[in-house]
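# Results of the structural survey
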Amino acid sequence: MGPVAFFIVALVVVSITHWVYRWRNPRCNGQLPPGSMGLPLLGETLQFFAPNTSSDIPPFIKKRIDRYGPVFRTSLVGRSVIISIDPDFSYFVFQQEGKLFKSSYPDTFTQIFGRQNVGSLHGFMYKYLKNMVLNLFGPESLKKMLPEVEEAACRNLKRWSSQESVELKDSTASMIFALTAKKLISYDQEKSSDNLRESFVAFISGLISFPLDIPGTAYHKCLQGRKKAMGMLKNLLQERRAKSREQQSDFFDYVLEELGREGTILTEAIALDLMFVLLFASFETTSLAITMATKFLLENPLVLKELTEEHEAIVRRRENTNSGLTWKEYKSMTFTFQFINETARMTNIVPAIFRKALKEFKFKGYTIPAGWTVLVSPPAIHMNPANYKDPLHFNPRRWEGMESNGASKHFMAFGGGMRFCVGTDFFKMQMAVFLHCLVTKYRGKAIKGGEIVRTPGLQFPNGFHVQISEKNELK
Ligand code: HEM
Ligand SMILES: *[C@@H]1O[C@H](CO)[C@@H](O)[C@H](O)[C@H]1NC(C)=O
Ligand SMILES: *[C@@H]1O[C@H](CO)[C@@H](O)[C@H](O)[C@H]1NC(C)=O
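Below is a short write-up of the structure.

About the thresholds
- Residues numbered from 1 in each chain as written.
- Chains lettered and ligands numbered in written order.
- Predicted model: local features only at pLDDT ≥ 70, side-chain atom pairs only at ≥ 80, totals over all residues.
- Heavy atoms only, no water.
- Donors = N, O, S within 2.8 Å, 3.2 Å for Na, K, Ca; no water.
- Helix = DSSP H or I, 4+ residues; strand = E, 2+ residues; numbered from the N terminus.
- Near = heavy atom within 4 Å.
- Polar contact = N/O pair within 3.5 Å; in protein donor to acceptor, adjacent residues only side chain to side chain.
- Areas by Shrake-Rupley, 256 points an atom, 1.4 Å probe, with all protein chains shown as cover.
- Nonpolar A, V, L, I, M, F, W, Y, C, P; charged D, E, K, R; others polar.
- Pairing = 2+ DSSP bridges.
- Axes fitted to C-alpha atoms, helices over the stretch in contact; angles between N-to-C directions.
- Parallel < 35°, antiparallel > 145°, perpendicular 65-115°, else oblique.
- Left-handed = near helix turned anticlockwise from the far one by under 90°.
- Contact = heavy atoms within 4.5 Å.
- Core = buried A, V, L, I, M, F, W, Y, C linked by side-chain atoms within 4.5 Å.
- Buried < 20%, exposed > 50% of the residue type's maximum accessible area, 1.4 Å probe, protein only.
- Salt bridge = Lys/Arg side-chain N within 4 Å of Asp/Glu carboxyl O.

### Considering the coordination of the iron atom of ligand 1
- If you check the protein contacts of the iron atom of ligand 1, you find one donor only, C421 (SG), at 2.3 Å.
- Summarising the element assignment, C421 is placed in the loop between α16 (378-382) and α17 (424-441).

### Looking at the site of ligand 2
- Neighbouring ligand 2 are N52, T53, P59 and K63.
- Contacts to ligand 2 include T53, whose side-chain N or O atom sits 3.2 Å from an oxygen atom.
- Computed on the free molecule, ligand 2 has an accessible area of 360 Å², of which 37% lies beneath the protein chains in the complex.
- By residue class, the composition of the shell around ligand 2 is one nonpolar, two polar and one charged.

### Side note on the sheet that holds strand β8 (residues 373-376)
- In spatial order, the strands read β1-β2-β8-β5-β3; together these five strands make up an open sheet with mixed pairing. Since the sheet does not close on itself, it has two edges, and those belong to β1 (71-76) and β3 (101-103), each with one partner. Looking at each pair of strands side by side, their axes are set apart by 35° on average, direction ignored.
- Examined bridge by bridge, β3 and strand β5 (residues 353-357) share three bridges and lie antiparallel to one another. Its bridge partner lying in β5, K102 is registered against K356.

### With respect to the packing of helix α8 (residues 168-185) against α17
- Orientation of α8 relative to α17, taken along the N-to-C sense of each, is 125°, at an axis distance of 13 Å. Here α8 lies oblique to α17, going by the angle between them. Helix-helix and strand crossings are classified by hand; for α8 and α17 the assignment is right-handed. Where α8 abuts α17, its residues T172, M175, I176, L179 and T180 lie against F426, Q430 and F434.

### Looking at the nonpolar core
- Among the nonpolar cores identified, the biggest contains 92 residues, and L184, L196, F200, L233, F251 and L266 are the most heavily contacted of them.
- Ranked by residues supplied to this core, first place goes to helix α12 (residues 268-299) with 17 residues.
- Sequence-distant contacts of L196, that is, excluding residues within four places in its chain, are made with F177, I185, Y187, Q189, A229, M232, L233 and L279.
- Among the nonpolar cores identified, the runner-up in size contains 21 residues, and L32, F94, A357 and W372 belong to it.

### Focus: the sheet that holds strand β9 (residues 442-449)
- Reading across from one edge, β4-β12-β9 is the order of the three strands in this open sheet, with antiparallel pairing throughout. If you trace the sheet from one side to the other, it starts and ends with β4 (166-167) and β9, each paired once.
- As defined by bridge partners, β4 adjoins strand β12 (residues 464-470) across two bridges and the pair is classed as antiparallel. Bridged to V166 within β12 is V466.
- Strands in contact with α17 are β9 and β12; relative to β9, the strand with the most contacts, it is inclined by about 100°.

### Notes on the packing of helix α13 (residues 301-316) against helix α15 (residues 334-347)
- Where α13 contacts α15, the axes come no closer than 8 Å and their chain directions differ by 140°. Accordingly, the angle class assigned to the pair α13 and α15 is oblique. In this structure, α13 uses V303, E306, L307, E310 and H311 to contact α15, whose residues at the interface are T334, F335, T336 and F339.
- Counted by class, the contact of α13 with α15 contains four nonpolar, three polar and two charged residues.

### Notes on the pattern of salt bridges
- Within the structure shown, the criterion is met by 23 salt bridges.
- Here K182 makes a salt bridge to E148, at a shortest N to O gap of 3.7 Å. One end of the pair, K182, is in helix α8; the other, E148, is in helix α7 (residues 139-161), with 34 residues separating them in the sequence.
- Overall, K182 belongs to the partly exposed group, its relative accessible area being 48%.

Below, the structure written as C-alpha coordinates:
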(Lines give C-alpha, C1' and ligand atoms only; values in the text may rest on other atoms or scores of the structure.)
(Ligands and ions follow the chains in the order given, each with its own letter.)
Protein backbone atom coordinates (compact mmCIF):
# COMPACT_ATOMS: atom_id res chain seq x y z
CA MET A 1 0.00 0.00 0.00
CA GLY A 2 1.40 3.40 -0.99
CA PRO A 3 1.59 6.19 1.57
CA VAL A 4 -1.33 8.09 -0.06
CA ALA A 5 -3.63 5.07 -0.01
CA PHE A 6 -2.57 4.39 3.55
CA PHE A 7 -3.35 7.95 4.51
CA ILE A 8 -6.81 7.76 2.92
CA VAL A 9 -7.65 4.48 4.62
CA ALA A 10 -6.45 5.85 7.94
CA LEU A 11 -8.52 8.99 7.45
CA VAL A 12 -11.63 6.96 6.66
CA VAL A 13 -11.08 4.73 9.69
CA VAL A 14 -10.54 7.70 11.96
CA SER A 15 -13.61 9.52 10.61
CA ILE A 16 -15.83 6.48 11.01
CA THR A 17 -14.54 5.83 14.49
CA HIS A 18 -15.10 9.43 15.39
CA TRP A 19 -18.61 9.36 13.88
CA VAL A 20 -19.54 6.18 15.77
CA TYR A 21 -18.13 7.71 18.95
CA ARG A 22 -20.25 10.84 18.40
CA TRP A 23 -23.29 8.65 17.68
CA ARG A 24 -22.83 6.88 20.98
CA ASN A 25 -21.95 10.04 22.90
CA PRO A 26 -24.08 12.89 21.60
CA ARG A 27 -22.96 16.43 22.34
CA CYS A 28 -24.55 17.99 25.38
CA ASN A 29 -23.79 21.03 27.58
CA GLY A 30 -24.26 19.01 30.71
CA GLN A 31 -25.11 15.47 31.61
CA LEU A 32 -27.36 13.48 29.31
CA PRO A 33 -29.63 10.87 30.87
CA PRO A 34 -28.02 7.39 30.76
CA GLY A 35 -28.88 4.93 28.02
CA SER A 36 -27.65 3.52 24.73
CA MET A 37 -28.02 5.06 21.27
CA GLY A 38 -27.89 1.55 19.75
CA LEU A 39 -26.46 0.88 16.31
CA PRO A 40 -25.37 3.79 14.14
CA LEU A 41 -28.37 5.16 12.13
CA LEU A 42 -30.71 2.32 13.13
CA GLY A 43 -30.47 3.09 16.83
CA GLU A 44 -32.74 0.85 18.89
CA THR A 45 -35.59 1.08 16.40
CA LEU A 46 -35.93 -2.67 15.84
CA GLN A 47 -36.11 -3.43 19.56
CA PHE A 48 -38.74 -0.73 19.97
CA PHE A 49 -40.98 -2.23 17.27
CA ALA A 50 -40.48 -5.87 18.37
CA PRO A 51 -43.89 -7.52 18.81
CA ASN A 52 -44.91 -8.56 22.30
CA THR A 53 -48.08 -10.05 23.73
CA SER A 54 -47.85 -8.38 27.11
CA SER A 55 -50.12 -5.54 28.26
CA ASP A 56 -47.67 -4.57 30.97
CA ILE A 57 -45.16 -1.72 30.76
CA PRO A 58 -43.64 -2.24 27.28
CA PRO A 59 -40.63 -4.61 27.63
CA PHE A 60 -38.47 -2.14 25.69
CA ILE A 61 -39.04 0.47 28.38
CA LYS A 62 -39.11 -1.91 31.34
CA LYS A 63 -35.68 -3.34 30.51
CA ARG A 64 -34.12 0.11 30.20
CA ILE A 65 -35.78 1.46 33.32
CA ASP A 66 -34.33 -1.49 35.25
CA ARG A 67 -30.90 -0.75 33.83
CA TYR A 68 -30.80 3.07 33.77
CA GLY A 69 -33.53 4.38 36.05
CA PRO A 70 -36.69 6.39 35.30
CA VAL A 71 -35.15 8.67 32.62
CA PHE A 72 -33.06 7.31 29.77
CA ARG A 73 -31.92 8.14 26.25
CA THR A 74 -32.18 6.08 23.08
CA SER A 75 -32.43 6.51 19.31
CA LEU A 76 -35.56 5.64 17.32
CA VAL A 77 -36.26 6.05 13.59
CA GLY A 78 -33.29 8.35 13.22
CA ARG A 79 -34.06 10.56 16.17
CA SER A 80 -32.36 11.10 19.50
CA VAL A 81 -35.01 10.32 22.08
CA ILE A 82 -35.55 10.77 25.81
CA ILE A 83 -38.02 8.44 27.49
CA SER A 84 -39.28 8.88 31.02
CA ILE A 85 -41.83 7.07 33.13
CA ASP A 86 -41.96 9.92 35.63
CA PRO A 87 -45.56 11.26 35.73
CA ASP A 88 -44.23 14.74 36.58
CA PHE A 89 -42.15 14.64 33.44
CA SER A 90 -45.13 13.76 31.22
CA TYR A 91 -47.22 16.41 32.91
CA PHE A 92 -44.50 18.98 32.38
CA VAL A 93 -44.20 18.04 28.70
CA PHE A 94 -47.95 18.42 28.13
CA GLN A 95 -48.14 21.74 29.97
CA GLN A 96 -45.22 23.24 28.06
CA GLU A 97 -46.72 22.52 24.63
CA GLY A 98 -45.95 25.36 22.25
CA LYS A 99 -43.42 26.88 24.65
CA LEU A 100 -40.70 24.36 25.40
CA PHE A 101 -42.07 21.52 23.27
CA LYS A 102 -43.97 21.06 20.06
CA SER A 103 -45.86 18.09 18.72
CA SER A 104 -43.54 16.28 16.35
CA TYR A 105 -44.09 12.78 15.05
CA PRO A 106 -41.52 10.82 13.05
CA ASP A 107 -41.39 11.81 9.37
CA THR A 108 -43.06 8.53 8.49
CA PHE A 109 -46.15 9.61 10.39
CA THR A 110 -46.17 12.95 8.63
CA GLN A 111 -45.98 11.18 5.30
CA ILE A 112 -48.87 8.96 6.23
CA PHE A 113 -51.12 11.59 7.74
CA GLY A 114 -50.15 14.42 5.44
CA ARG A 115 -47.98 17.39 6.14
CA GLN A 116 -50.98 19.50 7.01
CA ASN A 117 -52.64 17.24 9.58
CA VAL A 118 -53.82 18.65 12.87
CA GLY A 119 -51.04 16.96 14.79
CA SER A 120 -48.24 18.66 12.91
CA LEU A 121 -49.79 22.11 12.67
CA HIS A 122 -48.95 24.90 15.06
CA GLY A 123 -50.06 28.30 16.09
CA PHE A 124 -52.88 30.13 14.40
CA MET A 125 -53.87 27.52 11.83
CA TYR A 126 -53.89 24.87 14.48
CA LYS A 127 -56.23 26.80 16.77
CA TYR A 128 -58.51 27.47 13.86
CA LEU A 129 -58.78 23.83 12.83
CA LYS A 130 -59.10 22.65 16.39
CA ASN A 131 -62.07 24.93 16.94
CA MET A 132 -63.68 23.62 13.79
CA VAL A 133 -63.29 20.05 14.99
CA LEU A 134 -64.34 20.81 18.55
CA ASN A 135 -67.47 22.33 17.12
CA LEU A 136 -68.16 19.19 15.17
CA PHE A 137 -67.67 16.83 18.11
CA GLY A 138 -68.65 19.14 20.96
CA PRO A 139 -71.51 18.50 23.43
CA GLU A 140 -74.18 20.23 21.31
CA SER A 141 -73.35 18.10 18.28
CA LEU A 142 -73.10 14.95 20.35
CA LYS A 143 -76.52 15.51 21.92
CA LYS A 144 -77.99 15.61 18.44
CA MET A 145 -76.08 12.51 17.40
CA LEU A 146 -77.10 10.34 20.33
CA PRO A 147 -80.21 8.78 18.69
CA GLU A 148 -78.25 8.11 15.52
CA VAL A 149 -75.45 6.37 17.43
CA GLU A 150 -77.97 4.28 19.35
CA GLU A 151 -79.82 3.30 16.19
CA ALA A 152 -76.56 2.18 14.55
CA ALA A 153 -75.41 0.17 17.58
CA CYS A 154 -78.77 -1.60 17.98
CA ARG A 155 -79.14 -2.29 14.26
CA ASN A 156 -75.65 -3.76 13.99
CA LEU A 157 -75.98 -5.88 17.14
CA LYS A 158 -79.28 -7.26 15.83
CA ARG A 159 -77.68 -8.20 12.54
CA TRP A 160 -74.70 -9.82 14.28
CA SER A 161 -77.03 -11.86 16.51
CA SER A 162 -78.40 -13.58 13.42
CA GLN A 163 -74.91 -14.80 12.50
CA GLU A 164 -73.03 -17.85 13.79
CA SER A 165 -70.26 -15.57 15.01
CA VAL A 166 -68.95 -12.12 14.22
CA GLU A 167 -65.39 -10.80 14.06
CA LEU A 168 -65.71 -7.85 16.41
CA LYS A 169 -62.70 -5.75 15.47
CA ASP A 170 -63.70 -5.49 11.84
CA SER A 171 -67.41 -5.27 12.45
CA THR A 172 -67.17 -2.46 14.98
CA ALA A 173 -64.68 -0.65 12.73
CA SER A 174 -67.17 -0.81 9.91
CA MET A 175 -69.96 0.43 12.18
CA ILE A 176 -67.96 3.38 13.52
CA PHE A 177 -66.60 4.24 10.10
CA ALA A 178 -70.10 4.41 8.64
CA LEU A 179 -71.20 6.71 11.46
CA THR A 180 -68.23 9.07 11.22
CA ALA A 181 -68.17 9.14 7.43
CA LYS A 182 -71.85 10.05 7.43
CA LYS A 183 -71.28 12.85 9.89
CA LEU A 184 -68.26 14.24 8.08
CA ILE A 185 -69.02 13.76 4.41
CA SER A 186 -72.50 12.19 4.20
CA TYR A 187 -70.81 9.13 2.80
CA ASP A 188 -73.07 6.13 2.46
CA GLN A 189 -71.32 2.82 1.88
CA GLU A 190 -74.38 1.14 0.40
CA LYS A 191 -74.93 3.90 -2.13
CA SER A 192 -71.32 4.29 -3.18
CA SER A 193 -69.42 2.49 -5.91
CA ASP A 194 -66.02 2.98 -4.26
CA ASN A 195 -65.29 1.37 -0.96
CA LEU A 196 -63.67 4.09 1.07
CA ARG A 197 -63.22 1.97 4.16
CA GLU A 198 -61.32 -0.71 2.29
CA SER A 199 -58.53 1.69 1.40
CA PHE A 200 -58.34 2.66 5.04
CA VAL A 201 -58.00 -0.98 6.05
CA ALA A 202 -55.08 -1.49 3.68
CA PHE A 203 -53.64 1.58 5.22
CA ILE A 204 -53.94 0.55 8.86
CA SER A 205 -52.19 -2.79 8.58
CA GLY A 206 -48.92 -0.95 8.02
CA LEU A 207 -49.39 2.13 10.10
CA ILE A 208 -47.29 1.32 13.10
CA SER A 209 -44.66 -0.62 11.24
CA PHE A 210 -41.05 -0.17 10.42
CA PRO A 211 -40.75 2.76 8.00
CA LEU A 212 -39.27 1.08 4.95
CA ASP A 213 -40.96 2.24 1.75
CA ILE A 214 -40.25 -0.54 -0.76
CA PRO A 215 -42.84 -2.78 -2.47
CA GLY A 216 -43.92 -5.64 -0.26
CA THR A 217 -43.48 -3.94 3.10
CA ALA A 218 -46.41 -3.06 5.33
CA TYR A 219 -45.29 0.55 5.31
CA HIS A 220 -45.40 0.68 1.52
CA LYS A 221 -48.96 -0.72 1.53
CA CYS A 222 -49.83 1.90 4.06
CA LEU A 223 -48.70 4.74 1.83
CA GLN A 224 -50.57 3.22 -1.12
CA GLY A 225 -53.71 2.99 1.01
CA ARG A 226 -53.42 6.63 1.96
CA LYS A 227 -53.03 7.63 -1.68
CA LYS A 228 -56.17 5.77 -2.62
CA ALA A 229 -58.24 7.12 0.25
CA MET A 230 -57.07 10.67 -0.44
CA GLY A 231 -58.01 10.28 -4.11
CA MET A 232 -61.49 9.21 -3.12
CA LEU A 233 -61.93 12.03 -0.63
CA LYS A 234 -60.82 14.49 -3.30
CA ASN A 235 -63.39 13.13 -5.77
CA LEU A 236 -66.11 13.32 -3.16
CA LEU A 237 -65.25 16.92 -2.40
CA GLN A 238 -65.30 17.79 -6.11
CA GLU A 239 -68.65 16.08 -6.59
CA ARG A 240 -70.02 18.08 -3.73
CA ARG A 241 -68.70 21.27 -5.24
CA ALA A 242 -70.49 20.54 -8.49
CA LYS A 243 -73.90 20.14 -6.90
CA SER A 244 -74.34 23.00 -4.51
CA ARG A 245 -76.64 22.32 -1.61
CA GLU A 246 -79.16 24.55 0.02
CA GLN A 247 -78.42 23.80 3.61
CA GLN A 248 -75.18 23.23 5.38
CA SER A 249 -75.42 19.77 6.85
CA ASP A 250 -72.05 18.06 7.10
CA PHE A 251 -68.38 18.84 7.40
CA PHE A 252 -67.87 19.02 3.63
CA ASP A 253 -70.48 21.77 3.40
CA TYR A 254 -68.75 23.58 6.22
CA VAL A 255 -65.39 23.25 4.50
CA LEU A 256 -66.75 24.40 1.12
CA GLU A 257 -68.38 27.41 2.68
CA GLU A 258 -65.14 28.24 4.47
CA LEU A 259 -63.09 27.78 1.28
CA GLY A 260 -65.35 30.25 -0.50
CA ARG A 261 -64.95 32.88 2.16
CA GLU A 262 -62.71 35.79 1.27
CA GLY A 263 -59.38 35.87 3.07
CA THR A 264 -59.75 32.36 4.47
CA ILE A 265 -56.63 30.53 5.56
CA LEU A 266 -58.13 27.14 4.77
CA THR A 267 -56.98 25.40 1.61
CA GLU A 268 -58.38 22.32 -0.07
CA ALA A 269 -55.21 20.36 0.74
CA ILE A 270 -55.50 21.19 4.44
CA ALA A 271 -59.18 20.30 4.47
CA LEU A 272 -58.53 16.93 2.83
CA ASP A 273 -55.69 16.08 5.22
CA LEU A 274 -57.95 16.97 8.12
CA MET A 275 -60.75 14.80 6.79
CA PHE A 276 -58.39 11.90 6.43
CA VAL A 277 -57.03 12.28 9.97
CA LEU A 278 -60.50 12.55 11.48
CA LEU A 279 -61.84 9.50 9.65
CA PHE A 280 -58.81 7.53 10.65
CA ALA A 281 -58.53 8.76 14.24
CA SER A 282 -62.16 8.02 14.94
CA PHE A 283 -62.81 4.56 13.66
CA GLU A 284 -59.57 2.77 14.29
CA THR A 285 -59.18 3.87 17.92
CA THR A 286 -62.83 3.48 18.86
CA SER A 287 -63.23 0.04 17.31
CA LEU A 288 -60.10 -1.26 19.06
CA ALA A 289 -61.40 0.09 22.36
CA ILE A 290 -64.87 -1.45 21.89
CA THR A 291 -63.34 -4.81 20.98
CA MET A 292 -61.12 -4.74 24.07
CA ALA A 293 -64.08 -3.64 26.22
CA THR A 294 -66.07 -6.66 25.05
CA LYS A 295 -63.10 -8.91 25.76
CA PHE A 296 -62.81 -7.51 29.30
CA LEU A 297 -66.54 -8.06 29.85
CA LEU A 298 -66.41 -11.67 28.72
CA GLU A 299 -63.36 -12.31 30.92
CA ASN A 300 -64.82 -10.61 34.01
CA PRO A 301 -68.35 -11.87 34.74
CA LEU A 302 -68.67 -9.74 37.89
CA VAL A 303 -67.93 -6.58 35.95
CA LEU A 304 -70.44 -7.64 33.29
CA LYS A 305 -73.03 -8.16 36.01
CA GLU A 306 -72.48 -4.73 37.51
CA LEU A 307 -72.55 -3.02 34.13
CA THR A 308 -75.73 -4.87 33.14
CA GLU A 309 -77.40 -3.80 36.39
CA GLU A 310 -76.63 -0.15 35.73
CA HIS A 311 -78.13 -0.28 32.26
CA GLU A 312 -81.15 -2.37 33.18
CA ALA A 313 -81.92 0.14 35.92
CA ILE A 314 -81.87 2.92 33.31
CA VAL A 315 -84.39 1.05 31.18
CA ARG A 316 -86.57 0.23 34.22
CA ARG A 317 -86.75 3.87 35.26
CA ARG A 318 -88.28 4.87 31.92
CA GLU A 319 -91.98 5.43 31.46
CA ASN A 320 -91.80 3.74 28.11
CA THR A 321 -89.18 0.99 28.01
CA ASN A 322 -88.94 1.27 24.24
CA SER A 323 -88.01 4.94 24.14
CA GLY A 324 -84.45 5.73 23.15
CA LEU A 325 -81.58 6.81 25.37
CA THR A 326 -81.73 10.40 26.55
CA TRP A 327 -78.77 12.68 27.18
CA LYS A 328 -79.66 12.70 30.86
CA GLU A 329 -79.60 8.91 31.01
CA TYR A 330 -76.30 8.92 29.19
CA LYS A 331 -74.81 11.33 31.71
CA SER A 332 -76.04 9.17 34.61
CA MET A 333 -73.94 6.09 33.71
CA THR A 334 -71.51 6.28 36.64
CA PHE A 335 -70.13 2.75 36.51
CA THR A 336 -70.00 2.81 32.70
CA PHE A 337 -67.65 5.79 32.78
CA GLN A 338 -65.43 4.03 35.28
CA PHE A 339 -65.49 1.00 33.01
CA ILE A 340 -64.52 3.18 30.02
CA ASN A 341 -61.62 4.75 31.93
CA GLU A 342 -60.39 1.35 33.02
CA THR A 343 -60.63 0.05 29.45
CA ALA A 344 -58.70 3.05 28.16
CA ARG A 345 -56.07 2.63 30.89
CA MET A 346 -55.37 -1.01 30.08
CA THR A 347 -55.87 -0.89 26.32
CA ASN A 348 -53.32 1.85 25.66
CA ILE A 349 -54.39 2.40 22.09
CA VAL A 350 -51.89 5.21 21.71
CA PRO A 351 -48.60 3.59 22.78
CA ALA A 352 -46.41 6.68 22.47
CA ILE A 353 -46.81 10.45 22.29
CA PHE A 354 -43.99 12.39 20.64
CA ARG A 355 -42.76 15.92 21.29
CA LYS A 356 -39.67 17.82 20.23
CA ALA A 357 -37.72 20.03 22.63
CA LEU A 358 -37.52 23.55 21.19
CA LYS A 359 -34.90 24.62 23.72
CA GLU A 360 -32.40 22.89 25.94
CA PHE A 361 -33.88 22.06 29.31
CA LYS A 362 -32.93 20.44 32.60
CA PHE A 363 -34.80 17.65 34.31
CA LYS A 364 -33.76 15.94 37.57
CA GLY A 365 -30.15 16.99 37.11
CA TYR A 366 -29.96 15.88 33.48
CA THR A 367 -29.65 18.16 30.49
CA ILE A 368 -31.77 17.50 27.40
CA PRO A 369 -30.46 19.31 24.32
CA ALA A 370 -32.70 21.32 21.98
CA GLY A 371 -33.96 19.28 19.03
CA TRP A 372 -34.20 16.04 20.94
CA THR A 373 -37.43 14.07 20.85
CA VAL A 374 -39.27 13.39 24.07
CA LEU A 375 -41.40 10.27 24.15
CA VAL A 376 -44.25 10.10 26.64
CA SER A 377 -45.37 6.51 27.15
CA PRO A 378 -48.98 6.18 28.36
CA PRO A 379 -48.62 2.41 28.99
CA ALA A 380 -45.56 2.98 31.18
CA ILE A 381 -47.63 5.34 33.36
CA HIS A 382 -50.85 3.28 33.28
CA MET A 383 -49.22 -0.04 34.12
CA ASN A 384 -46.92 1.20 36.86
CA PRO A 385 -47.94 -0.24 40.26
CA ALA A 386 -46.84 3.03 41.88
CA ASN A 387 -49.73 4.73 40.06
CA TYR A 388 -52.29 1.90 39.90
CA LYS A 389 -52.30 -0.90 42.44
CA ASP A 390 -52.21 -4.35 40.81
CA PRO A 391 -52.14 -2.72 37.34
CA LEU A 392 -52.82 -5.88 35.29
CA HIS A 393 -56.08 -6.45 37.14
CA PHE A 394 -59.11 -5.07 35.25
CA ASN A 395 -61.00 -3.23 37.96
CA PRO A 396 -63.34 -0.35 36.98
CA ARG A 397 -64.11 0.31 40.67
CA ARG A 398 -60.59 1.65 41.19
CA TRP A 399 -61.87 4.86 39.53
CA GLU A 400 -64.32 5.52 42.33
CA GLY A 401 -63.48 8.88 43.86
CA MET A 402 -60.40 9.23 41.65
CA GLU A 403 -61.59 12.57 40.25
CA SER A 404 -60.69 14.35 43.44
CA ASN A 405 -57.28 12.67 43.78
CA GLY A 406 -55.68 14.48 40.88
CA ALA A 407 -55.76 11.25 38.89
CA SER A 408 -55.31 13.13 35.65
CA LYS A 409 -51.54 13.19 36.11
CA HIS A 410 -51.59 9.40 35.97
CA PHE A 411 -54.08 9.09 33.13
CA MET A 412 -53.05 10.04 29.62
CA ALA A 413 -54.91 7.69 27.32
CA PHE A 414 -56.17 10.80 25.49
CA GLY A 415 -53.01 12.83 25.87
CA GLY A 416 -52.96 16.04 27.91
CA GLY A 417 -52.63 19.80 27.90
CA MET A 418 -53.42 21.78 24.79
CA ARG A 419 -53.30 18.78 22.49
CA PHE A 420 -55.77 16.72 24.47
CA CYS A 421 -57.76 14.44 22.15
CA VAL A 422 -60.69 16.32 20.60
CA GLY A 423 -62.58 13.07 20.04
CA THR A 424 -62.67 11.94 23.69
CA ASP A 425 -66.33 12.75 24.26
CA PHE A 426 -67.36 11.35 20.90
CA PHE A 427 -65.51 8.15 21.71
CA LYS A 428 -67.02 7.86 25.20
CA MET A 429 -70.50 8.35 23.85
CA GLN A 430 -70.13 5.69 21.17
CA MET A 431 -68.70 3.24 23.65
CA ALA A 432 -71.36 3.89 26.32
CA VAL A 433 -74.21 3.62 23.83
CA PHE A 434 -72.83 0.43 22.34
CA LEU A 435 -72.45 -1.11 25.81
CA HIS A 436 -76.00 -0.05 26.66
CA CYS A 437 -77.49 -1.92 23.68
CA LEU A 438 -75.17 -4.87 24.21
CA VAL A 439 -75.76 -5.59 27.89
CA THR A 440 -79.50 -4.84 27.97
CA LYS A 441 -80.42 -6.99 24.98
CA TYR A 442 -77.66 -9.46 24.22
CA ARG A 443 -75.19 -11.89 25.63
CA GLY A 444 -71.86 -12.71 24.09
CA LYS A 445 -69.66 -15.76 23.97
CA ALA A 446 -66.02 -15.80 22.84
CA ILE A 447 -65.64 -18.24 19.96
CA LYS A 448 -62.10 -17.80 18.75
CA GLY A 449 -59.20 -15.37 18.52
CA GLY A 450 -58.95 -12.44 20.92
CA GLU A 451 -55.20 -12.74 21.40
CA ILE A 452 -53.45 -9.41 21.31
CA VAL A 453 -50.04 -8.32 20.06
CA ARG A 454 -48.42 -4.93 20.53
CA THR A 455 -45.94 -3.73 17.92
CA PRO A 456 -46.18 -1.49 19.98
CA GLY A 457 -49.56 -0.54 18.44
CA LEU A 458 -52.36 -2.86 19.58
CA GLN A 459 -53.39 -5.60 17.15
CA PHE A 460 -55.64 -8.64 17.09
CA PRO A 461 -53.71 -10.98 14.79
CA ASN A 462 -56.53 -13.57 14.74
CA GLY A 463 -59.37 -11.12 15.17
CA PHE A 464 -61.89 -11.64 17.94
CA HIS A 465 -64.79 -13.88 16.99
CA VAL A 466 -67.79 -13.63 19.25
CA GLN A 467 -71.25 -15.14 19.20
CA ILE A 468 -73.93 -12.56 19.99
CA SER A 469 -77.35 -13.87 20.96
CA GLU A 470 -80.54 -12.23 22.13
CA LYS A 471 -81.11 -12.52 25.86
CA ASN A 472 -84.68 -13.70 25.81
CA GLU A 473 -83.78 -16.38 23.31
CA LEU A 474 -82.81 -19.79 24.67
CA LYS A 475 -79.59 -21.13 23.23
C1 HEM B 1 -60.20 5.25 22.13
C2 HEM B 1 -60.28 6.36 21.48
C3 HEM B 1 -59.21 7.41 21.34
C4 HEM B 1 -57.97 7.49 21.93
C5 HEM B 1 -57.33 6.50 22.91
C6 HEM B 1 -57.36 8.72 21.45
C7 HEM B 1 -56.10 9.17 21.86
C8 HEM B 1 -55.54 10.38 21.49
C9 HEM B 1 -54.30 10.91 22.02
C10 HEM B 1 -53.39 10.23 23.03
C11 HEM B 1 -54.09 12.12 21.44
C12 HEM B 1 -52.93 13.08 21.70
C13 HEM B 1 -51.81 12.92 20.72
C14 HEM B 1 -50.68 13.88 21.01
O15 HEM B 1 -50.69 14.55 22.05
O16 HEM B 1 -49.73 13.95 20.21
C17 HEM B 1 -55.20 12.35 20.51
C18 HEM B 1 -55.32 13.45 19.69
C19 HEM B 1 -56.32 13.58 18.73
N20 HEM B 1 -57.44 12.78 18.58
FE21 HEM B 1 -57.88 11.12 19.65
N22 HEM B 1 -58.21 9.35 20.58
C23 HEM B 1 -59.36 8.60 20.49
C24 HEM B 1 -60.49 8.89 19.73
C25 HEM B 1 -60.58 9.93 18.83
C26 HEM B 1 -61.73 10.20 18.00
C27 HEM B 1 -63.04 9.42 18.02
C28 HEM B 1 -61.39 11.27 17.21
C29 HEM B 1 -62.21 11.93 16.14
C30 HEM B 1 -63.17 12.69 16.31
C31 HEM B 1 -60.05 11.69 17.60
C32 HEM B 1 -59.37 12.77 17.04
C33 HEM B 1 -58.18 13.26 17.52
C34 HEM B 1 -57.51 14.43 16.95
C35 HEM B 1 -57.99 15.24 15.76
C36 HEM B 1 -56.34 14.64 17.72
C37 HEM B 1 -55.28 15.73 17.54
C38 HEM B 1 -55.58 16.83 18.51
C39 HEM B 1 -54.46 17.85 18.59
O40 HEM B 1 -53.36 17.64 18.09
O41 HEM B 1 -54.75 18.88 19.18
N42 HEM B 1 -59.59 10.85 18.59
N43 HEM B 1 -56.07 11.27 20.58
C1 LIG C 1 -42.12 -10.14 25.43
O2 LIG C 1 -41.30 -9.52 26.41
C3 LIG C 1 -40.89 -10.36 27.46
C4 LIG C 1 -40.10 -9.52 28.46
O5 LIG C 1 -39.03 -8.88 27.86
C6 LIG C 1 -40.09 -11.52 26.91
O7 LIG C 1 -39.73 -12.40 27.95
C8 LIG C 1 -40.91 -12.24 25.84
O9 LIG C 1 -40.13 -13.25 25.25
C10 LIG C 1 -41.34 -11.25 24.78
N11 LIG C 1 -41.99 -11.89 23.64
C12 LIG C 1 -43.29 -12.19 23.43
C13 LIG C 1 -43.65 -12.80 22.13
O14 LIG C 1 -44.20 -12.00 24.24
C1 LIG D 1 -61.73 9.18 34.07
O2 LIG D 1 -60.44 9.78 34.04
C3 LIG D 1 -60.41 11.18 33.91
C4 LIG D 1 -58.97 11.63 33.85
O5 LIG D 1 -58.26 11.30 35.00
C6 LIG D 1 -61.12 11.82 35.11
O7 LIG D 1 -61.16 13.21 34.97
C8 LIG D 1 -62.53 11.26 35.19
O9 LIG D 1 -63.16 11.77 36.32
C10 LIG D 1 -62.48 9.75 35.25
N11 LIG D 1 -63.84 9.23 35.28
C12 LIG D 1 -64.30 8.45 36.25
C13 LIG D 1 -65.70 8.01 36.15
O14 LIG D 1 -63.59 8.09 37.18
